[in-house]
Amino acid sequence: MLRYVTWTLFALLVCSGVAQSSERDLACSFYEDSQGLVEHERCLEYRKDKVLYVSPTLLRKLPFEKKYATAYSEVHGWMYINRKGRVLVEQVMRMDNGADYIRQGFVRFERDGKCGYASLGKVSTIPAQFDGCYPFSGTTARVCNGCQAVTENEHSFYRGGTSFCIDTKGRQIACKPT
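Residues numbered from 1 in each chain as written. Predicted model: local features only at pLDDT ≥ 70, side-chain atom pairs only at ≥ 80, totals over all residues. Heavy atoms only, no water.

What follows covers the overall build of the chain. Looking only at helices and strands, the chain has 2 helices and 18 strands in total. With 178 residues in all, the chain has 35% of them scored as buried. Residue pairs at least 24 apart in sequence account for 28% of intrachain contacts in the chain once pairs closer than 6 positions are excluded. Looking at the chain as shown, the accessible area adds up to about 11,800 Å², and 52% of this sits on carbon and sulfur atoms. (Helix = DSSP H or I, 4+ residues; strand = E, 2+ residues; numbered from the N terminus. Buried < 20%, exposed > 50% of the residue type's maximum accessible area, 1.4 Å probe, protein only. Contact = heavy atoms within 4.5 Å. Areas by Shrake-Rupley, 256 points an atom, 1.4 Å probe, with all protein chains shown as cover.)

This is the structure:
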């Protein structure tokens, strides 16, 4: 009997911990008019297709700029969301207190300590394979490997390593003079 009670208590503790972490996983924040960044519980949900969406009730509140809105989650980082509520990309790099800006249809994202470019258009995503990623300028982006992110005052940049340029397909190309 004692063994049964012990296992039952253990199971309850584990399940309550899972439920709490699941609720936290589904919270997100987004900018609301003059209120700034406002957190909402149960903001995110997984649908049958196992894709992450913003809940329909909060989707109406999202501030869209053209086709996309951004939101932040402690678990999923900054995200870009389409008008149907589907999260298109997670772990978007931070820029100016929000998600990185869309440049040439790409946003920079991070996975496992590397960065890459997620496509929000018809071009395919460039996997996270670089140590540093600058935004696209035209059809070219400067990236680096073996570099370190450095922040001085409010400005960030990469120092050291090998720097090179890529095109919108992720192929290494000659860098244009700056």
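So that's the structure; there's more coming.
Summarising the sheet, strand β14 (residues 141–145) and strand β17 (residues 162–166) pair through 5 bridges and their orientation is antiparallel. Bridged to asparagine 145 within β17 is threonine 162. Note: β17 against strand β18 (residues 172–173), 2 bridges, orientation antiparallel. Bridged to cysteine 165 within β18 is isoleucine 173. Turn length for the β17-β18 hairpin, with the two strands adjacent in sequence and antiparallel, is 5 residues, and the turn residue glycine 170 shows positive phi of about 85°. (Pairing = 2+ DSSP bridges.)

Counting across every chain of the model gives 5 salt bridges. Two residues, glutamate 45 and arginine 47, come together in a salt bridge whose shortest N-O distance is 2.9 Å. Judged by relative accessible area, glutamate 45 falls into the partly exposed class, the value being 26%. With relative accessibility at 32%, the residue arginine 47 sits in the partly exposed group. The shortest N-O distance in the salt bridge between lysine 114 and aspartate 131 comes to 2.7 Å. (Salt bridge = Lys/Arg side-chain N within 4 Å of Asp/Glu carboxyl O.)

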